[in-house]
Amino acid sequence: MIPATATRAVAAVDLGATSGRVMIGRVGARTVDLELVCRFPNGPVEREDGLHWDFGALYESIVSGLAEAVRREPAIESIGIDSWAVDYGLLHDGNLLAEPFHYRDRRTERGVQKVHARVPFAELYPRNGLQFLPFNTLYQYGVDDRLGEADAALLIPDLVAYLLTGRQVAERTNASTTGLLDVRTSEWDLDLVTRLGIPAEVLPELVSAGDTIGRLRADLAERIGKDLPVIAVGSHDTASAVVAAPLASPHAAYISCGTWGLVGLELAAPVLSDAAREANFTNELGVDGRIRFLHNVTGLWLLSETIRAWEAQDGAAIDLPALLADASAVTAELPLFDANDPSLSEPGDMPQRIATLLRTSDADVPGDRATFVRTIVESIAAAFAEAVRAAGDLAGRSIDSIHLVGGGSLNRPLCQATADRSGLPVLAGPVEATALGNVLVQARALRGDDTSLEQLRALVTAGHAPTRYDPR
């Protein structure tokens, strides 16, 4: 158990697909608290050769945020970094060859064909345990012309850690999303790497959550204001979120809901059956060797892109809380659409794409925005409920509750709809599950104790009681 010693302060860098932030975490014997230092925008930028991340701007925001965090809290003892999965930067002689591509770039379609021509998906699944997503890293490698020029390929949080410390590593929870990690051994599958024609030398040393990656480079320690270690956390943001999901029992499912909805169970071993493969469930690594058996469901991306399109149309900002309140009051029968339809995956005119799906199924398109939003919310909830049922069936486990964490836990209509459509109570919160998981793993590493995930989650529950939604 975390000993009753002085509170430990750490800095969490939490990068999402639409924004990033730096936060101060303070972890005591019975409490864990967060302070937002700064938030900065993130998102795709169109370049001549496709969609990229503006990584230079992202990195500068991170360093500036860390400097401000140390100014506010001189007692900070370490830094942890988490981000979205699958995307990477290529290095040659320590320098980036180009801006990292964005996972929604269309080039990945060619990568799927190239990879499956060498190793069919039916063979890949028992090796890496991953669901088919066309942007998984191994498919991106398949069409990356610069891969042969690189001497290292680092996923986004590992790339940030390298720029901070000078050490090139791959943290295992995020490495498991590349499709190149052996799901049984948690080591690089070098036979698969060779068969796919990927140069093995670009794959860095693997580390686990809790390991110290290195200390800040001297120039950065001076700029940030303190010489600090960078500690590996669950660098895949969902892995950190699940650390802080206050799962009440092994029969609780979780939904980490933001741009995506990651819906699943925490297991001790992977589920690699044909049924799991056909249902497109994934087995990604979690902290402490746990398995995150889950399915990716399109989440609040559908709503945020719809709002963005309406705001562009109106030339003015939309009051989303008010619109959600109006949506909650809708009593009319609602049409549903497939939230996971591939046509909804790219940036663009989301209201028109959803309307097209509804018309294709002979459903009426809602004529007002509140009803349209309610249709989006109910369609996401229906996909969540179906994924929860499938997870339980495939893992042979009965489900008694759903813990919905992340930004989606603030969306009351979504939480209630998920409870209604699943027939299970939904326990919503904490909102900042990812950052909480990040700081808890850092604090445990600094203390050097054997606190379990269940004990860490008890800290979260004590200070961040969830809101309960019972099915109606």
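Residues numbered from 1 in each chain as written. Predicted model: local features only at pLDDT ≥ 70, side-chain atom pairs only at ≥ 80, totals over all residues. Heavy atoms only, no water.

Asker: I keep staring at the overall build of the protein chain and nothing clicks. Help me out?
Answerer: Helix and strand counts for the protein chain come out as 17 helices and 20 strands. The C-alpha radius of gyration of the protein chain comes to 21 Å, within 12% of the 23 Å expected for a compact globule of 472 residues. Buried positions account for 60% of the 472 residues belonging to the protein chain. Taking contacts inside the protein chain between residues at least 6 apart in sequence as the whole, the part at least 24 apart equals 72%. With an accessible surface of roughly 17900 Å², the protein chain has 50% of that area assigned to carbon and sulfur atoms. Charge-centre separation for the protein chain: the mean point of 41 positive side chains lies 3 Å from the mean point of 63 negative side chains. (Helix = DSSP H or I, 4+ residues; strand = E, 2+ residues; numbered from the N terminus. Rg over C-alpha atoms; globule rule 2.2 N^0.38 Å. Buried < 20%, exposed > 50% of the residue type's maximum accessible area, 1.4 Å probe, protein only. Contact = heavy atoms within 4.5 Å. Areas by Shrake-Rupley, 256 points an atom, 1.4 Å probe, with all protein chains shown as cover. Lys, Arg positive; Asp, Glu negative; His and termini not counted. Charge placed at Lys NZ, Arg CZ, Asp CG, Glu CD.)

Asker: Teacher, can you tell me more about the side chain of Glu 171 here?
Answerer: The residue Glu 171 is located in strand β10 (residues 169-171) in this model. Arg 292 is the oppositely charged side chain nearest to the buried, salt-bridge-free Glu 171, at an N-O distance of 7.4 Å. When near neighbours in sequence (up to four residues on either side) are disregarded, Glu 171 contacts Asp 158, Val 207, Ser 208, Ala 209, Ala 232, Val 233, Gly 234, Ser 235 and His 236. (Salt bridge = Lys/Arg side-chain N within 4 Å of Asp/Glu carboxyl O.)

Asker: Explain the packing of aromatic side chains here, please?
Answerer: Two numbers describe a pair of aromatic rings. These are the distance of the centres and the angle of the planes. Tallied over the entire structure, the rule returns 10 aromatic pairs. Ring centres 4.2 Å apart and planes at 35° place the aromatic pair Trp 53 and Trp 84 in the tilted group. One end of the pair, Trp 53, is in strand β5 (residues 50-53); the other, Trp 84, is in the loop between β6 (76-82) and β7 (88-92), and 31 residues separate them in sequence. Looking at Trp 84, the relative accessible area reads 5%, which means it is buried. A centroid spacing of 6.3 Å and a plane angle of 45° characterise the contact between Trp 53 and Tyr 103, whose relative ring orientation is tilted. (Phe/Tyr/Trp six-rings, centres within 6.5 Å; stacked < 30°, edge-to-face > 60°.)

Asker: Honestly, the sheet that holds strand β20 (residues 467-469) in this entry has me stumped. Any pointers?
Answerer: The strands that make up a sheet are held in pairs by hydrogen bonds between backbone atoms, and each pair lies either parallel or antiparallel. The mixed open sheet is built from 7 strands, whose spatial order is β16-β17-β15-β14-β18-β19-β20. Two strands close off the open sheet at either side, each with one partner strand: β16 (282-285) and β20. Direction aside, the axes of adjacent strands within the sheet are offset by 30° on average. The pairing of strand β14 (residues 252-257) with strand β15 (residues 260-267) spans 4 bridges and is antiparallel. Bridge pairing links Cys 257 to Gly 261 in β15. (Pairing = 2+ DSSP bridges. Axes fitted to C-alpha atoms, helices over the stretch in contact; angles between N-to-C directions.)

Asker: How should I be thinking about the nonpolar core in this particular structure?
Answerer: In a soluble, globular protein the nonpolar side chains are often hidden away together inside. The biggest cluster of nonpolar side chains holds 81 residues, and the ones touching the most others in it are Leu 180 and Leu 302. When residues of this core are assigned to their parent elements, the largest contribution, 13 residues, is made by helix α14 (residues 369-395). Excluding anything up to four places from it in sequence, Leu 302 contacts Phe 337, Ala 339, Leu 344, Met 350, Ile 376 and Ile 380. Core analysis: the next-biggest nonpolar cluster, separate from the first, contains 76 residues, Val 10, Val 13, Val 27 and Ile 81 among them. (Core = buried A, V, L, I, M, F, W, Y, C linked by side-chain atoms within 4.5 Å.)

Asker: Sorry if this is basic, but what is going on with the pairing of β5 here?
Answerer: Successive side chains on a regular strand alternate, one facing one side of the sheet and the next facing the other. By the bridge criterion, 4 bridges tie strand β4 (residues 44-47) to β5 in an arrangement that is antiparallel. Note on β5: the bridge partner recorded for Arg 47 is Gly 50. Hairpin connection, β4 to β5: the antiparallel pair is bridged by 2 residues.

Asker: Help me understand the packing of helix α11 (residues 301-314) against α14 in this model?
Answerer: Angle between the axes and distance between the axes are the two parameters that describe a pair of packed helices. For the pair α11 and α14, the least separation of the axes is 10 Å and the interaxial angle reads 160°. Here α14 runs roughly antiparallel to α11, going by the angle between their axes. In the crossing of α11 with α14, the sense of the turn from one axis to the other is right-handed. For the pair formed by α11 and α14, the contact residues are Leu 302, Leu 303, Thr 306, Trp 310, Gln 313 and Asp 314 on the first element and Arg 369, Phe 372, Val 373, Ile 376 and Ile 380 on the second. Here the contact of α11 with α14 is built from residues that sort into 7 nonpolar, 2 polar and 2 charged. (Parallel < 35°, antiparallel > 145°, perpendicular 65-115°, else oblique. Left-handed = near helix turned anticlockwise from the far one by under 90°. Nonpolar A, V, L, I, M, F, W, Y, C, P; charged D, E, K, R; others polar.)

Asker: Quick question: what am I supposed to make of the environment of Ile 62 here?
Answerer: Topologically, Ile 62 is positioned in helix α1 (residues 55-72). Along the backbone, Ile 62 and Phe 293 are 231 residues apart, and their C-alpha atoms lie at a distance of 31 Å. Not counting residues within four places of it along the chain, the set of residues in contact with Ile 62 comprises Val 13, Leu 15, Val 22, Phe 40 and Val 160.

Asker: Help me out: how do you make sense of the layout of surface pockets in this one?
Answerer: Empty space among the atoms can be located by rolling a probe the size of a water molecule over them. In this model, the largest pocket occupies a volume close to 1300 Å³. The computed volume of the second largest pocket comes to approximately 500 Å³. As for the second largest pocket, its lining consists of 23 residues, of which Leu 133, Pro 134, Phe 135, Pro 342 and Ser 345 are closest to the centre. When residues of the lining of the second largest pocket are traced back to their parent elements, those giving at least two are α2 (108-118) and β17 (291-298). Here the lining of the second largest pocket takes 3 residues from β17, the largest share from any one element. Counted by class, the lining of the second largest pocket contains 9 nonpolar, 8 polar and 6 charged residues. (1 Å grid on protein atoms, 1.4 Å probe; cavity = no way out; pocket = protein on both sides within 12 Å on 5 of 7 lines; lining within 4 Å. Points joined across faces, edges and corners; volume = space filled by probe spheres on them.)

Asker: Just to check I follow, could you spell out the pattern of salt bridges for this structure?
Answerer: Side-chain pairs of opposite charge can arise whenever the charged atoms involved come near each other. By the definition in use, this model includes 35 salt bridges. For Glu 187, the salt bridge identified is with Arg 172, shortest N-O distance 2.8 Å. With Glu 187 in the loop between α6 (172-175) and α7 (190-195) and Arg 172 in helix α6, the pair connects residues that are 15 residues apart, well separated along the chain. Judged by relative accessible area, Arg 172 falls into the buried class, the value being 17%. Among the salt bridges present, the one from Arg 277 reaches Asp 274, with a minimum N-O distance of 3.3 Å. Separated by 3 residues within a single helix, Arg 277 and Asp 274 lie in helix α10 (residues 274-278), roughly one turn from each other.

Asker: Where do I start with α14 in this structure?
Answerer: In an α-helix, one turn spans 3.6 residues; hence positions three or four apart end up facing the same way. Compared with the 39 Å implied by 1.5 Å per residue over 27 residues, the 39 Å span of α14 between its first and last C-alpha is a close match. For α14, a buried count of 21 out of 27 residues is recorded, marking the element as mostly surrounded by other parts of the structure. The distance from a side-chain oxygen at the start of α14 to the backbone nitrogen of Ala 370 is 3.3 Å, and the residue carrying that oxygen is Asp 368. (Expected span 1.5 Å × (residues − 1). Polar contact = N/O pair within 3.5 Å; in protein donor to acceptor, adjacent residues only side chain to side chain.)

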